[in-house]
Amino acid sequence: SQPLRIEELELSGPGPGEVLVEVANAGLCHSDLSVINGSRPRIMPMVMGHEASGIIRDVGANVDDLAAGDHVVFSFMPSCGRCIPCATGRPVMCNAAASANANGTLLSGSQHFRNSSGTTLHHHLGVSAFSQYTVAARQSVIRIEPELSLDVAAIFGCAVKTGVGAVFNTARLEPGASCAVFGMGGVGLSAIMGARAAGAYPIIAVDLLDSKLAIAQELGATHVVNAGTDDPVEAIREITGGGAHYTIEVVGSEKVLVQAYEASARGGMTVTVGLPHPSKQFAISAVSLVVDEKTVKGCYMGSAVPVRDLPRFIAMYQAGLLPVDKLLTATIALDDINAAFDALDKGEAVRQVVQFTAG
C-alpha cells in the first residue's frame, strides 16, 4: 500500500462513442481503498476513482444524446448492450465491461491518459474520477437534471446505487420483512436507507463503531448492535425471534459474511456486497442450505440497471425517502486525498468527496 501520487497528465480527447467530462465531485470509496491496499488487485499504473459526478465538455462521434453542459453521474460498469447478460437484463454482468475494467481501458479498448514521459496510464473502472478531466464511454455516464447538487449526485454513482440496489434489486425485500446490515460505511448506510424505504422491520445495523451506529439510527435503523461488545448473531436472533429474513454484508470480510449467514432466518437470504481479498474462502455448513432453505446471493453494483435505477433513486431522494445528503462527511481538496483515505481506513468517515471546480 502506497500513497496516491498527484501528477499533471496529458489527456487525449474523446473518440467515437466517448465523452469528455469535467469532474465536479468524486467520492472516496472502500473499493478505491481495496485497490490501494492490494486486496483488489488492478493493473498499474492507474488513474484512480470511480464514484463521481461532472459536466460534459465535449462528445465524440456517434454520441447524439448528450451535449456540452449536460450534468452526469458516472456508472463504473458500462453496458455493451449486445452480450447475453446485457440482452437478458443484467447489464452489471456485461462481459465486455468486465473485460475492459480488468484491462484498465474504456469499453472500446481505448486509453487516454499519459504522463510526461509518455507512459500510458490505465483507467479505473472506466471512470478515473480523481482527475479534474476524464474521458469515458458514453455508456459510463447517466444524465441528471442540473437542479441536483453535484456533490450529492456523486454519491449515487456507487454508494447509493450499490446499497439501495442490494435491497430493491438483489434481495427484493418485501414490506414487513426483517433486515440486518453488517458494516456502516457509505454502502451499508445506503442499504439501511433502502430497507426503510422498502418498509422493512426491524432494521438492524451492525458495526464496531458507536458513531457509525448513531448515523444508522438517523437513517432508519430500528436497532443497533456493536459487534465489538456483543455477539451480532445472537443479538439479531434475539431481536428477530430466530433470525433476520434478509442479512446484507457490506464489510468485505469472509468472517463477517459467515456471521451474516448464521444470523439469517430459516428460509432467509444473505446478500453479500463486500469485496474480500481473492484468496479468502467462505465456509458454511453445506447441509444448512438444504434443511434451512437458505440463500446466499452475490450483489455487484446493486444488481443495478443504471439507466433505470439512478433516476428512480434520485427521485426517492428528492421525495425525502432516501436522505443521501446525510452520508456526506466532508468535501476535501485533491491535495488532501491521502489523509482522507487514512481516515476512511480508520472508520472515521462515511463519504468524503473531492471537490473540483466544475460548474
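Residues numbered from 1 in each chain as written. Predicted model: local features only at pLDDT ≥ 70, side-chain atom pairs only at ≥ 80, totals over all residues. Heavy atoms only, no water.

## Thoughts on the pairing of strand S17 (residues 351-355)
Where a strand is regular, its side chains alternate between the two sheet faces. The buried fraction of S17 amounts to 4 of the 5 residues, a majority that puts the element mostly inside the structure. Relative to S17, strand S2 (residues 18-27) runs antiparallel, the two sharing 3 bridges. Pairing of glycine 27 across the sheet is with valine 353, part of S17. Bridge count between strand S16 (residues 328-332) and S17: 4 bridges; the pairing is parallel. For isoleucine 332, the partnering residue across the bridge sits in S17 and is valine 354. Each parallel crossover has a hand, and for S16 linked through helix H11 (residues 337-345) to S17 it is right-handed. (Buried < 20%, exposed > 50% of the residue type's maximum accessible area, 1.4 Å probe, protein only. Helix = DSSP H or I, 4+ residues; strand = E, 2+ residues; numbered from the N terminus. Pairing = 2+ DSSP bridges. Right-handed = clockwise from strand over helix to strand, strands pointing away.)

## Looking at the packing of aromatic side chains
Scanning all chains against the criterion turns up 5 aromatic pairs. Consider the rings of phenylalanine 156 and tyrosine 317, whose centres lie 5.9 Å apart with planes at 70°: the pair is edge-to-face. Of the two residues, phenylalanine 156 is situated in helix H4 (residues 150-171) and tyrosine 317 in helix H10 (residues 306-318); the sequence distance between them amounts to 161 residues. The exposure class of phenylalanine 156 is buried, given its relative accessible area of 0%. Judged by centre distance (6.4 Å) and plane angle (80°), the rings of tyrosine 261 and phenylalanine 282 are edge-to-face. Of this pair, tyrosine 261 sits in helix H8 (residues 254-262) while phenylalanine 282 sits in the loop between strand S14 (264-272) and helix H9 (286-291), and the two are 21 residues apart along the sequence. Here tyrosine 261 falls in the buried class, since its relative accessible area comes to 3%. Using a relative accessible area of 31% as the deciding quantity, one classes phenylalanine 282 as partly exposed. When the ring centre of tyrosine 261 is taken as reference, the NZ or CZ atom of lysine 294 above it lies at 4.5 Å. (Phe/Tyr/Trp six-rings, centres within 6.5 Å; stacked < 30°, edge-to-face > 60°. Lys NZ or Arg CZ within 6 Å of the ring centre and 35° of its normal.)

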